[in-house]
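Here is what each chain is made of, one letter per residue.
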Amino acid sequence: MADRYADIVLPLARPAYTFAVPDRMDLAEGQAVVVQFGARRYYTGIVWRIHDRRPDVGHVKPILRISSDVPLLTAPQRRLWEWIAAYYLCTPGEVMRFALPQLVKPTGLSLEELIAGTFRPRTEPYVSLDPGIVDEEAFDRTMAGLIRRAPRQHAALLEIAAAGGERLSDEAVPRRCLEADAPTLAALRKKGLIRIAEHERSTERRADNRFRLPELTPAQQRTLQRIVGDFDTHPTVLLQGVTGSGKTEIYIHLIARTLADGGDALMLVPEIALTSQLIARLERIFGSRVTAYHSKLPIRRRTESFLRLARSEGGELVIGARSAIFLPLKRLRLVIVDEEHEPGYKQSDSQPRYQARDAAVMMAALTGGHTLLGSATPSLESYANACSGKYGYARLDERYADARLPRILVSDTLRAVKRGERQTHFNRDLTERMAAALRRGEQILLFQNRRGFAPYVECPACGWSARCPHCNVTLTYHKREGRLQCHYCGHTAPLPEYCPDCGGADLRPAGFGTEKVEEELAKLFPEARIDRLDRDTATSESAYNAIIARFESGRTDILVGTQMIAKGFDFERVSLVGILNADNLLLNPDFRAAERAFQLMTQVAGRAGRRDAAGEVVIQTSEPDHPLLRQVIDYDYDAMARTQLAERAAFGYPPYARLTETTLRGRDRQMLYEAAAALAAELRERFGRRIMGPVAPPVDRIRETYIVRLLLKVEPGASAARARAILCDVVRRHLADPRFKSITASYNVDPQ
Ligand code: ADP
Ligand code: ZN
Ligand code: ZN
């Protein structure tokens, strides 16, 4: 037999390595194996490719053992990892590090250590007849001997035999399915008539396809037909449906069709929209087929789900955050990306810096399945793809049950101040409406996109402000803890009594966050029950669920919160929504700021008046004439998209150019800037005006490390892949200079 070799992907920022396949090892691509790599480290790796080409090195180490009896990755998933690695400038090993739950890929300094760290799935006892009595004659003889002297054992044996099927066999049946009690089974085992062994819980084939589906309205039905029709010619379809139009109902119908055909469906939602409300809604329809998967679940749960799905033969519904795209669903036919415009689908802080929505689109191409992107306010990238015909496009402009869209009112903060109509953070336009809503027993949502009490603490005498010693950013004051906190590195310090610079005693918290809003509200509406939802109060899943549950059951009148209140829920008694300060949304210099502001304000507004009562929205701003506000008030997504796309085209931004951001980090500021300037000059020789920077990001020092960025902009038509290859090559050679040894580079393709 010819020698066999296998390329193995290890969870490292390195390429695949080739190992020898031992003679009698029965190996399949996608399986996990254990190999020794480096002097004395043992890793779990994934078999990428089996071939017969001996690598050009002296000794080829053998694969030590197989650690998964079934493949952990399907072939399309291996292609997806390769695509992610190539597109987002990392290695399949880095994808592996992120994509597989920790316990599926143990490493160790010795083989024993690695094996000890290997996840063992939960098992349960199974009972089977001893092979010695699996024979009509022997069985009858045994039964006859028991019937008088041990009637319970007789009954138990009969039960086991019956549970094993029509014909006598030693098939194992789960203990929990038997009525026989433990002493009886123990006695039978002692007599050698049965065997009891631990087995993994089996993945039963999911056969029941009778789902109780919501009945669709005629408009929803037409939209569903449109989507299904477009799927014939387009792997990806964009569904643009206003909030409350019933996008979820349409998803449910598509999922049901997929499951009934024996396929798997995956529904991606932004992490913070992954509420127990939504999971419960899906479980009521799809029962035990639903698997939730996200980073807040305990590692064990995630590992169990991963391994169970690797064995499943289809019919699964996974609802998860962006990491769920990596689950080993063998018959993946449908991926739904809900709120597809959400920036949270892009992983920005560590490799792989992938965009899960784009990976889902890729996945559809690789599996021959379908991807549905859903949103009330699509990303301009997806919208442009729908307009150009690359994606199919379905639109649903009617809200369910004729619920009207809330009326949006812009309230001019500067004018309110001049007229004496503003109290702390609230214009009279808002407070009057709040009072009325409270009188009517309705609920109110208030949005403020900063948490904490105050984002700055300043000394009015000398201008000093409290800053983080490790990062270039002001410290946020958190009043309840009485401390200043850095939102970048977590550094905290007590609020000083006197100004450290001039000794002034009048330090003032400036600006306002959710905590301050909550405090001011209590003064304005002492009777109202007020609650807050942000990262400081929703510290765990249960704390989060408790806040939502209080609001849902009407025990809270006013809920103040950050972005977290904008998503995922459906509250019927909310009649008023306030956006306390739209200025920082409108005046942000980022090229996506207008798109984001529109999406966020529309989404927050959509929380009001979801049933019979038409709701109201009050937006407080000192820029009441900003053209974007007009588009928000009119719910005119198309006008927003036209304006913004025209600007993007004029200035060469996505979707009319592809961006790759290179970030350099180092502790020595001067050296870093020197390296960045020299690198930019070198890159300009290759790319000319396509290179922008170096520029310092708004927060240019985090945890004592300085940060500087370069941007590569590639226009359509030019090969972005080739440009990125050149970029990486130049950066690698440049940083090889020993002077720049301590500087690291990282890439972010399609940054958001
Ligand atoms: P979207 O996801 O588009 O914002 P949802 O799917 O959450 O909208 O629907 C909004 C509300 O309307 C939900 O409470 C939902 O239960 C209800 N609804 C929508 N369509 C139907 C339907 N066909 N039958 C019953 N209830 C529906
Ligand atoms: Zn001072
Ligand atoms: Zn800090």
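Going by the structure above, here's the rest.
Just so you know, these numbers come straight off a predicted model, no measurement behind them.

Caption draft 1: Representation of the overall build of the protein chain. Each helix and strand counted, the protein chain has 22 helices and 34 strands in total. A globule of 752 residues ought to have a C-alpha radius of gyration of about 27 Å, and the protein chain, at 30 Å, matches this closely. Over its C-alpha atoms, taken along the principal directions, the protein chain stretches across nearly 100 × 70 × 60 Å. Taken over 752 residues, the protein chain has a buried fraction of 52%.

Caption draft 2: Just the coordination of the zinc ion (ligand 2), in detail. Distances from the zinc ion (ligand 2) to its protein donors, Cys459 (SG), Cys462 (SG), Cys499 (SG) and Cys502 (SG), fall within 2.3 to 2.4 Å. Around the zinc ion (ligand 2), the four donor atoms are arranged such that angles at the metal cover 105 to 116°; this shape is classified as tetrahedral. Mapping the donors of the zinc ion (ligand 2) onto the primary sequence yields the spacing C-x2-C-x36-C-x2-C. One end of the pair, Cys462, is in the loop between strand E21 (456-458) and strand E22 (476-478); the other, Cys502, is in the loop between strand E24 (492-494) and strand E25 (508-510), and 40 residues separate them in sequence. Its relative accessible area of 38% is what places Cys462 among the partly exposed residues.

Caption draft 3: View of the nonpolar core. Counting residues in hydrophobic clusters, the biggest one holds 71 residues, and the most contacted among them are Trp81, Leu266, Leu268, Ile325 and Phe326. Broken down by element, the residue count for this core peaks at eight residues, all from helix H22 (residues 720-735).

Caption draft 4: How the structure looks around the coordination of the zinc ion (ligand 3). Coordination of the zinc ion (ligand 3) by the protein comes from Cys468 (SG), Cys471 (SG), Cys486 (SG) and Cys489 (SG), over a distance range of 2.3 to 2.4 Å. Angles of 107 to 112° at the metal separate the four donor atoms of the zinc ion (ligand 3), which places the site in the tetrahedral class. Donor residues for the zinc ion (ligand 3) sit on one chain with the sequence pattern C-x2-C-x14-C-x2-C. In this pair, Cys468 is assigned in the loop between E21 and E22 and Cys486 in the loop between strand E23 (483-485) and E24, connecting sequence segments 18 residues apart. Here Cys468 matches Cys486 in class, with each residue buried.

Caption draft 5: View of the pattern of salt bridges. Under the counting rule described, the total for this entry stands at 38 salt bridges. For Glu304, the salt bridge is made with Arg300, and the minimal N-O distance between the two is 3.9 Å. Of this pair, Glu304 and Arg300 both sit in helix H10 (residues 299-311), four residues apart, which is roughly one turn of that helix. In this structure Arg300 comes out as partly exposed when scored by relative accessible area, which is 35%. Where Asp358 meets Arg357, a salt bridge forms, and the shortest distance between an N and an O atom there is 3.0 Å. Here Arg357 falls in the buried class, since its relative accessible area comes to 4%. Salt bridges sharing common partners tie together Glu682, Asp729, Arg732 and Arg733.

Caption draft 6: Main features of the site of ligand 1. Surveying the vicinity of ligand 1 reveals 17 residues, the closest of which are Glu215, Gln220, Gly244, Glu249 and Asp570. Residue Lys247 places a main-chain N or O atom 2.9 Å away from an oxygen atom belonging to ligand 1. Against a free-state accessible area of 550 Å², the protein chains account for coverage of 82% of ligand 1. No other element matches helix H8 (residues 247-260), which puts three residues into the shell around ligand 1. Residues that form the shell around ligand 1 fall into these classes: three nonpolar, seven polar and seven charged.

Caption draft 7: Representation of the packing of aromatic side chains. A full pass over the atoms with the stated rule returns 15 aromatic pairs. Three or more aromatic residues joined by ring pairs make a cluster, and in this case those are Tyr383, Tyr393, Phe598 and Tyr637. The ring of Tyr673 carries the charged tip of Arg669 above its face, separated from the ring centre by 4.6 Å. Residue placement shows Arg724 over the ring face of Tyr87; its charged tip is 4.5 Å from the ring centre.

Caption draft 8: Molecular detail of the packing of helix H18 (residues 593-605) against helix H20 (residues 637-651). Direction vectors running N to C along H18 and H20 enclose 165°, while the axes themselves pass 10 Å from each other. In terms of orientation, H18 lies roughly antiparallel with respect to H20. H18 and H20 meet at a crossing whose hand is left-handed. Between H18, through Ala594, Glu595 and Phe598, and H20, the contact on the second element is made entirely by Tyr637, Met640, Gln644 and Arg648. Grouping the amino acids of the contact of H18 with H20 by side-chain chemistry returns four nonpolar, one polar and two charged.

Caption draft 9: View of the side chain of Lys713. Within the secondary structure, Lys713 is located in strand E33 (residues 705-714). This buried residue, Lys713, is left without a salt bridge; Glu715 holds the nearest opposite charge, at 9.1 Å. At a separation of 2.9 Å, a polar atom in the side chain of Lys713 contacts the main-chain carbonyl oxygen of Phe651. With residues up to four places along the chain from it excluded, the contact list for Lys713 reads Phe651, Gly652, Tyr653, Ala657, Arg658, Leu659, Arg690 and Met692.

What counts, and where the lines are drawn
Residues numbered from 1 in each chain as written. Chains lettered and ligands numbered in written order. Predicted model: local features only at pLDDT ≥ 70, side-chain atom pairs only at ≥ 80, totals over all residues. Heavy atoms only, no water. Helix = DSSP H or I, 4+ residues; strand = E, 2+ residues; numbered from the N terminus. Rg over C-alpha atoms; globule rule 2.2 N^0.38 Å. Buried < 20%, exposed > 50% of the residue type's maximum accessible area, 1.4 Å probe, protein only. Donors = N, O, S within 2.8 Å, 3.2 Å for Na, K, Ca; no water. Tetrahedral: all angles 85-135°; square planar, octahedral: opposite > 155°, others 65-115°. Core = buried A, V, L, I, M, F, W, Y, C linked by side-chain atoms within 4.5 Å. Salt bridge = Lys/Arg side-chain N within 4 Å of Asp/Glu carboxyl O. Near = heavy atom within 4 Å. Polar contact = N/O pair within 3.5 Å; in protein donor to acceptor, adjacent residues only side chain to side chain. Areas by Shrake-Rupley, 256 points an atom, 1.4 Å probe, with all protein chains shown as cover. Nonpolar A, V, L, I, M, F, W, Y, C, P; charged D, E, K, R; others polar. Phe/Tyr/Trp six-rings, centres within 6.5 Å; stacked < 30°, edge-to-face > 60°. Lys NZ or Arg CZ within 6 Å of the ring centre and 35° of its normal. Axes fitted to C-alpha atoms, helices over the stretch in contact; angles between N-to-C directions. Parallel < 35°, antiparallel > 145°, perpendicular 65-115°, else oblique. Left-handed = near helix turned anticlockwise from the far one by under 90°. Contact = heavy atoms within 4.5 Å. Lys, Arg positive; Asp, Glu negative; His and termini not counted.

Function cannot be inferred from these measures alone, as they are strictly geometric.
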